[in-house]
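# Tertiary structure, described
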Amino acid sequence: MSAPTGWAGQAADALAPHTEAVRRQLIECEVVGFDETGTRVAGRTCWVHTACTRSLTLYQVHPKRGVQAFEAMGVLPHFTGIAVHDGWKPYKTYTDTVHALCNAHHLRELAAVVENAPDGRPEDWAGDLATLLVDTWDEIKDIRSAHPHATGFTVDALERLTARYEEIIAAGRNLHPPRAPGEPRRKRGKAANLLDRLDTERDQVLRFAFDWRVPFDNNTSEQAIRMAKIQQKISGGWRTALGAERFFAVRGYLSTAAKQGRNLLDAITRLFDGRGAWIPTPA
């Protein structure tokens, strides 16, 4: 039973240069996706965080979900590019970073608003906004397919998009007026809260349309974090924090190697044959 732990420890120790190289490269990237999920480590809830691109994957296991974990991971505190995430407030702590929101989350929330609308009071604005977001993304993909070097919409197209977004938000406000200045705080429904966010954070919602480097959603990060969820379902978590850290150090290494077309068997073998960890090419 001790052999696997020894092998895992040797691999994790050999990975230190690779992990640090990935961290430095992520800091220099133009766009990075961030995500996190809860898991069980040593019988307690811990959090697995990821920062990744299409060519790099980094994980951090931490007992905290928010800023303390981000600081330990060491990417967001130094990152000045575009951070794609689900809008969780601690991400907004980093004001030197440009933020973009995952629209897959918005589509799910908008669909729920439509489905749960009370009889006789349809939430048409939610369906209209979902359609606008999807149609805009489809248009970007169509333009890129026909013109691979295209980098953005025309000014007129962006003005039309912004005007339509404003029109839809205004329709939603007819159903869910914003809280007036000085008005006592009261509980608002999910539809009203979503509308508030989509209104105040519209620049981050539409970042993908104004800057074509930005993806429509955060699927790259969500796919990277899925391994933690699968592991939780299969085994219930990790017995020790050290075991979890080693697992995700190796997992990040293999994920990055796969993204960059490396032979995974060779990538693992070199951790034990004296060659040392493979260092990824800067994105």
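For every chain, the first residue of the written sequence is number 1, and numbering continues from 1 along that sequence. Residue-level local features of this predicted model are given only where pLDDT is at least 70; pairs of side-chain atoms are given and counted only at 80 or more, and the full residue set underlies all totals for whole chains, interfaces and linings. As a rule here, side-chain values cover all heavy atoms of the structure and leave hydrogens and water aside.

### Concerning empty space enclosed by the protein
A 1.4 Å probe that fits but cannot get out identifies a cavity on a 1 Å grid over protein atoms alone, an open set with protein on both sides within 12 Å along at least five of seven lines counts as a pocket, and a residue lines either if it has an atom within 4 Å of a point. Grid points are joined across faces, edges and corners, and a volume is the space filled by probe spheres set on the points. Taken as a whole and judged by the stated rule, the model has one cavity of 30 Å³ or more. If you go around the largest cavity, the residues you meet are F34, D35, H49, T50, F70, M73, L76 and Y91. Secondary structure elements follow DSSP: runs of H or I no shorter than four residues count as helices, runs of E no shorter than two count as strands, and numbering proceeds from the N terminus. Secondary structure elements with two or more residues in the lining of the largest cavity: β1 (31–41), β2 (44–52) and α3 (67–73).

### Comments concerning the layout of surface pockets
Here the largest pocket defines a volume of roughly 540 Å³. V31, T53, R54, R213 and P215 are the residues nearest the centre of the largest pocket, which is lined by 21 residues in total. Going through the elements one at a time, β1, α5 (124–146) and α10 (219–235) are the ones with two or more residues in the lining of the largest pocket. The dominant element in the lining of the largest pocket, judged by the number of residues it contributes, is β1, at three residues. For this classification, Asp, Glu, Lys and Arg are treated as charged, while Ala, Val, Leu, Ile, Met, Phe, Trp, Tyr, Cys and Pro are nonpolar and the rest, including Gly, are polar. Among the residues forming the lining of the largest pocket, the class breakdown is ten nonpolar, six polar and five charged.

### Quick notes on the pairing of strand β4 (residues 82–85)
When a residue's accessible area, from a 1.4 Å probe over protein chains only, is under 20% of the maximum for its type it is buried; when over 50% it is exposed; and in between it is partly exposed. Side chains of β4 alternate between two faces, with I82 and V84 and A83 and H85 buried alike. The pairing of β1 with β4 spans three bridges and is parallel. Looking at the pairing, V31 lines up with I82 of β4. Here β4 pairs with strand β5 (residues 98–101) via four bridges, running parallel. Bridge pairing links H85 to L101 in β5. At least two DSSP bridges between two strands are needed for those strands to be called paired.

### Some points on a positive patch on the surface
Patches here: salt-bridge-free residues with over 30% relative accessible area, like charges joined within 9 Å, nonpolar side chains (Val, Leu, Ile, Met, Phe, Trp, Tyr) joined within 5 Å. Only the protein chains shown count as covering a residue, and every accessible area follows the Shrake-Rupley method with a 1.4 Å probe. Each salt bridge in this description consists of a side-chain nitrogen of Lys or Arg and a carboxyl oxygen of Asp or Glu lying within 4 Å of one another. Asp and Glu count as negative and Lys and Arg as positive, but His and the ends of the chain are not part of the count. Lysine's charge is taken at NZ, arginine's at CZ, aspartate's at CG and glutamate's at CD. A cluster of basic residues, R108, R226, K229 and K233, forms a positive patch at the surface. Counting residues per element, the positive patch draws most heavily on α10, which supplies three residues. Tracing the backbone shows K233 in helix α10.

### Examining the sheet that holds strand β3 (residues 57–62)
In spatial order, the strands read β3-β2-β1-β4-β5; together these five strands make up an open sheet with mixed pairing. Whereas interior strands pair on both sides, the edge strands pair on one side only; in this sheet they are β3 and β5. Here the average twist between neighbouring strands, direction ignored, is 25 degrees. Strand direction decides the pairing type here: β2 and β3, joined by six bridges, are antiparallel. Bridge assignment links A51 to a residue of β3, and that residue is L58. Taken strand by strand, helix α2 (residues 16–28) contacts β1, β2 and β3, and its axis lies near 105 degrees from that of β3. Where helices are involved, their axes are fitted lines through C-alpha atoms of the stretch in contact, as for all axes, and angles between N-to-C directions lie from 0 to 180°. Contacts are residue-level and defined by heavy atoms, with any inter-residue pair within 4.5 Å sufficient.

### A closer look at the packing of aromatic side chains
For Phe, Tyr and Trp, rings pair up if their centres lie within 6.5 Å, where Trp contributes its six-membered ring, and each pair is then called stacked (planes under 30 degrees apart), edge-to-face (over 60) or tilted (otherwise). On inspection of all chains with the given rule, the structure shows 14 aromatic pairs. With a centroid separation of 6.2 Å and 75 degrees between ring planes, the pair formed by W88 and Y91 is classed as edge-to-face. On the numbers, 5.2 Å between centres and 55 degrees between planes, the contact of W238 with F248 is tilted. Of this pair, W238 sits in the loop between α10 and α11 (241–259) while F248 sits in helix α11, placing them ten residues apart in sequence. The rings of F34, F70, F79, W88, Y91 and Y94 are connected pair by pair, giving a single aromatic cluster.

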